[in-house]
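Here are the chains, one letter per residue:
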Amino acid sequence: MGESFDLEQTDRLLTTTRAVRKRLDLTTPVPRDLILDCIRIATQAPAGGNVQRWRWIVVDDPALKLGVAELYRKSYAPYMAAQREAAERMGKTDTQAIMGSSDHLADVLDQVPALVIPCSLGAPVGSQGTVSAFYGSILPAVWSFMLAARSRRLGTAWTTLHLEYEAEARQLLGIPETVTQVAMTPVAYYTGDSFKPGTRRAAEEITYFNGWKP
Ligand SMILES: Cc1cc2nc3c(=O)[nH]c(=O)nc-3n(C[C@H](O)[C@H](O)[C@H](O)COP(=O)(O)O)c2cc1C
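Per chain, residues are indexed from 1 in the order of the written sequence. Reporting in this predicted model follows two pLDDT cut-offs: at least 70 for local features of residues, and 80 or more for side-chain atom pairs to be given and counted; totals over whole chains, interfaces and linings ignore these cut-offs and use all residues. For side-chain calculations, the full set of non-hydrogen atoms in the structure is used, while hydrogens and water are omitted.

As for the site of the ligand
Just so we agree on the cut-off: Near residues are defined by distance, with any heavy atom within 4 Å of the molecule or strand qualifying the residue. Within 3.5 Å is the distance limit for a polar contact, defined as a pair of N or O atoms, with the added protein rule that one can donate a hydrogen and the other accept it, and that residues adjacent in sequence qualify only through two side-chain atoms. Values of accessible area rely on a 1.4 Å probe in the Shrake-Rupley scheme; residue burial ignores everything except the protein chains shown. Classification convention: Asp, Glu, Lys, Arg as charged; Ala, Val, Leu, Ile, Met, Phe, Trp, Tyr, Cys, Pro as nonpolar; all other residues, Gly among them, as polar.
Inspection of the region around the ligand gives Arg18, Ala19, Arg21, Tyr72, Ile98, Leu105, Trp158, Thr159, Thr160, Leu161 and Arg200 as its neighbouring residues. Here arginine 21 contributes a side-chain N or O atom positioned 2.8 Å from an oxygen atom of the ligand. Separating an oxygen atom of the ligand from a backbone N or O atom of leucine 161 is a distance of 3.3 Å. Summarising the interface, the protein chains cover 62% of the accessible area of the ligand, which totals 630 Å² for the free molecule. Its residues assigned to classes, the shell around the ligand comprises 6 nonpolar, 2 polar and 3 charged.

Some remarks on the environment of isoleucine 41
What counts, and what does not: Counting from the N terminus, the helices are the DSSP runs of H or I reaching at least four residues and the strands are the DSSP runs of E reaching at least two. Any two residues whose heavy atoms approach within 4.5 Å are treated as being in contact.
Mapped onto the elements of the fold, isoleucine 41 is located in helix 2 (residues 32–42). Separated by 163 residues in sequence, isoleucine 41 and glutamate 204 have C-alpha atoms that sit 32 Å apart. Leave out the neighbours within four places in its chain, and isoleucine 41 touches Ala148 and Arg152.

Concerning helix 3 (residues 62–89)
Note that an α-helix has 3.6 residues per turn; residues three or four places apart therefore point the same way. The condition is simple: A helix is expected to span 1.5 Å multiplied by its residue count minus one. A residue's bend is the angle separating two fitted axes: one through the seven residues that end there, the other through the seven that start there. Burial here depends on accessible area, computed with a 1.4 Å probe over protein chains only, as a share of the maximum for the residue type. Under 20% is buried, over 50% is exposed, and the range in between is partly exposed.
For helix 3, spanning 28 residues, the distance from its first C-alpha to its last is 39 Å, which sits close to the expected 40 Å at 1.5 Å a residue. Most pronounced at tyrosine 76, the bend in helix 3 amounts to some 30 degrees, and the proline proline 78 follows within four residues. Those residues of helix 3 lying buried are Lys65, Gly67, Val68, Ala69, Leu71, Tyr72, Ser75, Tyr76, Met80 and Ala87. In this structure, the buried residues of helix 3 make contact with strand 1 (54–59), helix 4 (96–108), strand 2 (114–121) and helix 7 (166–173).

Focus on the nonpolar core
Inside soluble globular proteins, nonpolar side chains tend to come together where they are buried. Keep this limit in mind: By convention a nonpolar core is built from buried Ala, Val, Leu, Ile, Met, Phe, Trp, Tyr and Cys residues, the set being connected through side-chain atoms within 4.5 Å.
Of all hydrophobic cores here, the largest spans 25 residues; its most connected members are Tyr72, Leu109, Leu115 and Met184. Secondary-structure elements contributing two or more residues to this core are helix 3, helix 4 and strand 2. Here this core takes 6 residues from helix 3, the largest share from any one element. Non-local contacts of tyrosine 72, meaning those with residues more than four positions away in its chain, are made with Leu105, Ala106, Leu109, Thr159, Leu161, His162 and Met184. Counting residues in hydrophobic clusters, the runner-up holds 23 residues, among them Val30, Ile35, Trp56 and Phe145.

Description of the pairing of strand 5 (residues 185–189)
Within a regular beta strand, the side chains point alternately toward one face of the sheet and then the other, so they alternate between its two faces. Stated formally: We treat two strands as partners when DSSP finds at least two bridges between them.
For strand 5, the tally of buried residues reaches 4 of 5 residues, placing the bulk of the element in the interior. In this sheet, strand 5 lies alongside strand 2 in antiparallel orientation, the contact comprising 3 bridges. Looking across to strand 5, one finds that valine 116 is bridged to threonine 185. Across 3 bridges, the pairing between strand 3 (residues 154–156) and strand 5 is antiparallel. By the bridge assignment, threonine 156 is partnered in strand 5 with valine 187.

Some remarks on unusual backbone geometry
Although it is not a glycine, asparagine 50 sits at a positive phi angle of roughly 55 degrees. Within the secondary structure, asparagine 50 sits in the loop between helix 2 and strand 1. By relative accessible area, asparagine 50 is classed as exposed at 56%. Of note in the backbone geometry, asparagine 210 takes a positive phi value of approximately 60 degrees without being a glycine.

So, in structure tokens, the structure goes:
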């Protein structure tokens, strides 16, 4: 008989790891060792050819965090203005909560104890297969990092907005030109006490067996 898991626990972790933007503890430092534990777990994620071309930049220096936060904000302002306009045009009200929490994250980003930027050696160039393998060889590790963080009472949020200014971030952090940043996640202790599964489309609705169903 194979090894078994506590399904209730495992499924709870997988279904309740949410973007944490508001309930980030901005005053309690996150030990570097705890972040290293999460990265250690993330290194078990799959990678094409099992070549782990990963580098993780953990930014916990206040001046550097401010630098990354400023790039994020520069990108965030026009992005959110466009989102707000689109939501108004479509009469959508359910986007208010996510916008409010996104505004908050942008405001406090430099105060979050650590900003983690996963990077991959190389660049996403070539055929669809090559580009897919490039990102597919690092993004699962990023999600594993976030799951490992969540099970350690840390909150994270997948973000990409600072990448609009990838070159500036590269300069700020001394990242070589041959390296690609793929995301950025704030890391802080979570100040809430529970997470709930989010609203998602039904699996039956988005799954087609044996071919596309128009
Ligand atoms: C590729 C990608 C890029 C994202 N970029 C941002 C971002 O720049 N800023 C942000 O606040 N959230 C960002 N998110 C988080 C999403 O908004 C979030 O995962 C989604 O709304 C689901 O929310 P939930 O975790 O509460 O269910 C990003 C998520 C993904 C997967």
